[in-house]
Amino acid sequence: MGNLKEIKNRIASVLSICQITRAMKMIASSKISKAEALLKARIPYTKHLVSIMSEVSRQTSEVVHPLMSDEREHKKIGIFVVTSDKGLCGAYNMNVLKKAEELYYDCIESDCEPVLYLLGTKATLQYDRRKIPYRWGRQDWEADDDFADILYSMLVRDFLDGVFDILHIIYASAKSRASYVVVEKQLLPFEPEFDDEQDSSGNVIFEPSAEEAVNLIVPMTLKQIIITALLDARFAEYGSRIVAMTNATENAEQLVSDLRLKFFRARQEAITTEILEVSAAAAQLQESE
Amino acid sequence: MKSFFVDIVAKDEQVYSGEADYILLPGWDGEIGVFASHTPIISMLRPGVCKLRFENQELVWAMSEGFVSISGDKVTAAVTFAYSPDEIDDELAEQELESARKALSEKTSVSMTDEDYLKEQRALVCLKVVKEYLDE
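Residues numbered from 1 in each chain as written. Chains lettered and ligands numbered in written order. Predicted model: local features only at pLDDT ≥ 70, side-chain atom pairs only at ≥ 80, totals over all residues. Heavy atoms only, no water.

(A) Fine view of the interface of chain B and chain A. Each partner contributes residues to the interface: chain B has 28 residues there, and chain A has 23 residues. Of the roughly 2,100 Å² buried at the junction of chain B and chain A (both faces included), carbon and sulfur atoms supply 69%. Of all residues in chain B, Lys11, Ile42 and Phe67 of chain B bury the most surface against chain A, accounting for 34% of the area lost on that side. Joining chain B to chain A, the criterion identifies 2 salt bridges. Here Lys11 of chain B makes a salt bridge to Asp145 of chain A, at a shortest N to O gap of 3.4 Å. Inspection of the chain B/chain A interface yields 3 residue pairs in polar contact (both at pLDDT 80 or more). Those elements that provide at least two residues to the side of chain B that touches chain A are β1 (4-10), β2 (13-20), β5 (41-45), β8 (66-71), β9 (74-79) and α2 (115-133) of chain B. Considering every element that reaches the side of chain B that touches chain A, the biggest residue donor is β5 of chain B, with 5 residues. (Contact = heavy atoms within 4.5 Å. Buried area = accessible area lost by both parts, 1.4 Å probe. Salt bridge = Lys/Arg side-chain N within 4 Å of Asp/Glu carboxyl O. Polar contact = N/O pair within 3.5 Å; in protein donor to acceptor, adjacent residues only side chain to side chain. Helix = DSSP H or I, 4+ residues; strand = E, 2+ residues; numbered from the N terminus.)

Written as structure tokens, this is what we have:
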């Protein structure tokens, strides 16, 4: 009978795990729609900025904004890693951290100094555990404009002070709700993206001048790139969590049905043994009479 | 009157997308009034008031800095924000104004694209729009 009780307990515990994973999945599903909408809402604005940036670059051959100047030798490499604060999202953080590590060791091999910026509990914990120092770490983050502004000011200050010569950002970018890729982008010095579709008539009048426009558009675009990366990372995190929790729930359900079968078998076995014992005892009684 | 198409995109929302007879934008070197078939132009925008007229209706927004491109019969403005009068939180704007002025008082030279200067201007525009247009 001990075996039966054991199985019963296991079923109960797996069922409670199942409840948790299902709840996590539902929470992620409800958050993902909001995250997706926030990300999509940025697209028209970003597109417009990029097309203006292309036009500015076309009209100004030698404008160098301080954030675009790439004169220093790349000796100090900034690595900005975006991970999540919570786990239970499959290999999401692992993949990002793996990529960050590759870059980190590439730096060391080529005699450069890596400067780490870590966003998210998962990244800071990993580097704390391995006792690798980092310049900046932050846990509990929200993908909103205020936070992006703080990041922007910090990164720009560090770049101008020469803390790093080049900065890469590593984050998971969602391809769809169910899949993502880990991307690595150069954030500073700022390199404008070009909008190939735009017609390069070059006859557009700039007011007041393309040179002045650079001072305004470079910070605007950079901030936009940062916030988009954060939103993208959050979107990918929820997507990854949904997938992971769906699988976990399915596995738990499978486990429960296997355990139930085992429970019924064990119970049947116990009954059969009991009947055998009773009938054997009855037969013995009959014989002795 | 011939109308044209206007897109106003703020950083996180589409503020307006539709026809207009006339639009007044806060250009960097002064206000820009646009009717249909305007010359192609790309202009920087400073924080200011934007007015749009279409079929006897007038819409007003407090706009932040940004860019507008006018080409053919399409006007696209990309700004950090564009708030209609009822969306503005005037207490928040007062606070922003105060903190921006404090930061500015510590600076010796201020350019037109200085972050704190823009912050001050944005707050001023919000307050102006609330004061002048909210009760209509």
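Still to come is the rest of the account.
(B) Representation of the domain arrangement of chain B. Residues and elements named next belong to chain B. The domain architecture assigned to chain B consists of domain 1 (4-83) and domain 2 (88-133). Inter-centroid distance (C-alpha atoms) of domain 1 to domain 2 is 21 Å. In this complex, domain 1 contributes 14 residues to the contact, which on the side of domain 2 involves 12 residues. Both sides together, the interface formed by domain 1 and domain 2 hides about 1,100 Å², and carbon and sulfur atoms give 80% of it. Summed over the shared surface of domain 1 and domain 2, the result is 1 salt bridge. A salt bridge links Arg122 to Glu65; its shortest N-O distance comes to 2.8 Å. Applying the counting rule to domain 1 against domain 2 returns 2 residue pairs in polar contact (both at pLDDT 80 or more). Of all elements in the fold, only β6 (48-54) and β7 (57-63) reach the threshold of two or more residues within the side of domain 1 that touches domain 2. Among the elements that make up the side of domain 1 that touches domain 2, the one with the highest residue count is β7 (4 residues). Classifying every residue of the side of domain 1 that touches domain 2 by side-chain character gives 9 nonpolar, 2 polar and 3 charged. (Domains from an automatic or database assignment. Nonpolar A, V, L, I, M, F, W, Y, C, P; charged D, E, K, R; others polar.)

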